[in-house]
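Okay, here's what each chain looks like letter by letter:
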Amino acid sequence: MPGFIAETGRQEGPTRLISSEAHAPSDGVQFIADLPEYRMRGILWTHGFTGWVVYASVDRAMPINELELAAALHARDATIPAKP
């Protein structure tokens with residue numbers, strides 16, 4: 001998680017991890033992070049030095065459309081990464 005947050009910060013600008021916890025159904029880490037423009041709700045998986053992230057983001061400057069966010073989170077949770 002620290003490497004992902006650092007790299008996201010390098011590419012997108014200051015990134016702050018809000019929360020993270022084990023995501024037992026997928027054996028990954030579920031997290032929420034604030035980027036300069038977006039709030040990202042993701043699941044991170046790693047294998048050695050390789051990682052995968054599936055996420056749903058909302059524009060921090062706009063009101064949240066709860067139905068759209070729920071659909072995006074459902075799609076995120078249904079995604080299975082192609083890991084080795």
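Here the structure is a predicted model, which means the values were calculated and not measured.

Engineer: Can you help me understand the overall build of the chain in this one?
Structural biologist: Helix and strand counts for the chain stand at 2 helices and 4 strands. In sequence order, the secondary structure elements of the chain are arranged as α-β-β-β-β-α. Its C-alpha atoms give the chain a radius of gyration of 13 Å, near enough to 12 Å, the size a compact globule of 84 residues would have. Along the first, second and third principal axes, the C-alpha set of the chain runs to 40 × 30 × 20 Å. A buried classification covers 27% of the 84 residues belonging to the chain. Sequence-distant contacts, at least 24 apart, represent 24% of the contacts inside the chain between residues at least 6 apart. Of the roughly 5800 Å² that the chain leaves accessible, carbon and sulfur atoms contribute 56%. In the chain, the 7 positive side-chain charges and the 10 negative ones have mean positions that sit 4 Å from each other.

Engineer: Please clarify how the pairing of strand β1 (residues 16-23) should be interpreted in this entry.
Structural biologist: A regular strand places its side chains on the two faces of the sheet in alternate fashion. The sheet contact formed by β1 and strand β2 (residues 28-34) spans 7 bridges and is antiparallel. Directly across from S20, in β2, lies its bridge partner F31. Hairpin connection, β1 to β2: the antiparallel pair is bridged by 4 residues, and D27 has positive phi, about 60°.

Engineer: Any chance you could explain unusual backbone geometry here in plain terms?
Structural biologist: Keep in mind that most residues, glycine aside, have a negative phi and that most peptide bonds are trans. Unlike most non-glycine residues, D27 shows phi in positive territory, near 60°. One can find D27 in the loop between β1 and β2. Its relative accessible area of 68% is what places D27 among the exposed residues.

Engineer: Explain the sheet that holds strand β4 (residues 50-59) here, please?
Structural biologist: Hydrogen bonds between backbone atoms are what pair the strands of a sheet, whose relative direction is either parallel or antiparallel. Pairing is antiparallel across the open sheet formed by 4 strands, whose spatial order is β1-β2-β3-β4. In this open sheet, the two strands that pair with only one neighbour each are β1 and β4. On average, each strand axis in the sheet is tilted by 20° relative to the strand beside it, whichever way the strands run. For strand β3 (residues 38-47) and β4, the ladder comprises 10 bridges, and the chain directions are antiparallel. Following the sheet pairing, H47 is matched in β4 by T50.

Engineer: So what exactly am I meant to see when it comes to the nonpolar core here?
Structural biologist: The tendency in soluble globular proteins is for nonpolar side chains to be buried side by side. If you look at the biggest cluster of nonpolar residues, it comprises 6 residues: I5, F31, A33, L35, M40 and L44. Elements with a minimum of two residues in this core: β2 and β3. Beyond its immediate stretch of four places on either side in the chain, I5 contacts T15, L17 and A33.

Criteria and thresholds
Residues numbered from 1 in each chain as written. Predicted model: local features only at pLDDT ≥ 70, side-chain atom pairs only at ≥ 80, totals over all residues. Heavy atoms only, no water. Helix = DSSP H or I, 4+ residues; strand = E, 2+ residues; numbered from the N terminus. Rg over C-alpha atoms; globule rule 2.2 N^0.38 Å. Buried < 20%, exposed > 50% of the residue type's maximum accessible area, 1.4 Å probe, protein only. Contact = heavy atoms within 4.5 Å. Areas by Shrake-Rupley, 256 points an atom, 1.4 Å probe, with all protein chains shown as cover. Lys, Arg positive; Asp, Glu negative; His and termini not counted. Charge placed at Lys NZ, Arg CZ, Asp CG, Glu CD. Pairing = 2+ DSSP bridges. Axes fitted to C-alpha atoms, helices over the stretch in contact; angles between N-to-C directions. Core = buried A, V, L, I, M, F, W, Y, C linked by side-chain atoms within 4.5 Å.

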